[in-house]
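Descriptive structure summary
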Amino acid sequence: MFKKIFQSVFFLLISSAILSACNKSIHTFGKTKIAKSVDSIYLKQRIAEIKGLNADIFTKGEFKGAGDTPIVYRLLKPKSTNRKLPLVIVFHGSNAVGNDNSSQLGILAKLFATDETQAKFPAFILAPQFPSRSSNYVMDQSRNILTSIPQPCLTTALQLIDSLKNTLNIDEKRIYLIGFSMGASSVINALSLKPDLFAAGISISGIPQFDKVKTLTNIPIWLIHGNMDTENPFNSDEKFFEELKYNNKIRFWEFDNLAHNDIFAPAILTDELPKWLFKYKRK
């Protein structure tokens, strides 16, 4: 046990040191280019540690909603719910589409559920599983880049969030979104559909939605993308940042020389994600 704790602490210290040394100009908003990490051993250890978290800490649920697209989900409840706590919704990528109610519990869901994260940032963690794609992509003809379009099962997930607000001790001013790949695209789609519901969102390697740019200008958004990503091309997020940056509510981390599935670098496997999200509260 002591060895495991020591390794975790050591990894966090190493990751923080690397991030600090290589990127002196990281800001709350604006663009930062993150150099590719070379500490592959520590990265593998950290990913294995997070993935090894027992999924049984998440309870299983099913929600039908008002439409014909029922979804299953997992929910982590904090150890103490005597006070209102934030809700973090984690949207999965397309490789987890289905209804086994397990595949959606990837790195992001488990990262927010670890003891170390919950100790600093206690919150309800909701991980819905989409039975089909939650977002699809089409070409934005005016910009010549891909844009995302929300699908019906994403609406069901939004209805699930509204339902949980009525049954759990959730701080409704602190509801956050985070997602990877297709799920990252769905983060931007969900913010566009219900901008008054969420306090902030993080999109990792997604495709944004451009037809609601004005709606999104006042919501804190953090884009994370590798500039070698060809699956969800980097240039869509780059253009999205350019169109929203004037209002100083968008953060963009460009990871140098990282492809789509390599994005979970040491810099984002610390407490940086919840620390940034939890700064924001909806007015």
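The structure under discussion appears in the preceding block.
The present account deals with the structure reproduced in this document.

Cut-offs and rules
Residues numbered from 1 in each chain as written. Predicted model: local features only at pLDDT ≥ 70, side-chain atom pairs only at ≥ 80, totals over all residues. Heavy atoms only, no water. Helix = DSSP H or I, 4+ residues; strand = E, 2+ residues; numbered from the N terminus. Rg over C-alpha atoms; globule rule 2.2 N^0.38 Å. Contact = heavy atoms within 4.5 Å. Areas by Shrake-Rupley, 256 points an atom, 1.4 Å probe, with all protein chains shown as cover. Lys, Arg positive; Asp, Glu negative; His and termini not counted. Charge placed at Lys NZ, Arg CZ, Asp CG, Glu CD. Pairing = 2+ DSSP bridges. Axes fitted to C-alpha atoms, helices over the stretch in contact; angles between N-to-C directions.

1. A look at the overall build of the protein chain
Secondary structure assignment for the protein chain yields nine helices and 11 strands. The C-alpha atoms of the protein chain give a radius of gyration of 18 Å, which matches the 19 Å a tight globule of 283 residues would have. Projected onto its principal axes, the C-alpha coordinates of the protein chain cover approximately 50 × 45 × 35 Å. For the protein chain, long-range pairs separated by at least 24 residues make up 75% of all intrachain contacts whose partners lie at least 6 apart in sequence. Accessible area of the protein chain: about 12,800 Å², with a carbon and sulfur share of 52%. The positive charge centre, built from 35 side chains, and the negative charge centre, built from 25, are 6 Å apart in the protein chain.

2. A look at the sheet that holds strand β2 (residues 59–63)
Sheet architecture is open: nine strands sit in the order β1-β11-β10-β9-β8-β4-β5-β3-β2, paired in mixed fashion. Each edge of the open sheet carries a strand with a single partner, namely β1 (30–34) and β2. Each adjacent strand pair in this sheet contributes to an overall mean axis angle of 20°, direction not counted. In the sheet, β2 pairs with strand β3 (residues 71–76) via five bridges, with the strands oriented antiparallel. Residue pairing in the sheet places F63 in a bridge with I71 of β3. Strands β4 (85–91), β8 (170–180), β9 (200–204) and β10 (221–226) of the sheet are contacted by helix α6 (residues 182–193), whose axis makes an angle of about 140° with β8. Each of β1, β10 and β11 (250–255) is contacted by helix α8 (residues 234–244), which is oriented at about 150° to β10, the strand it contacts most.

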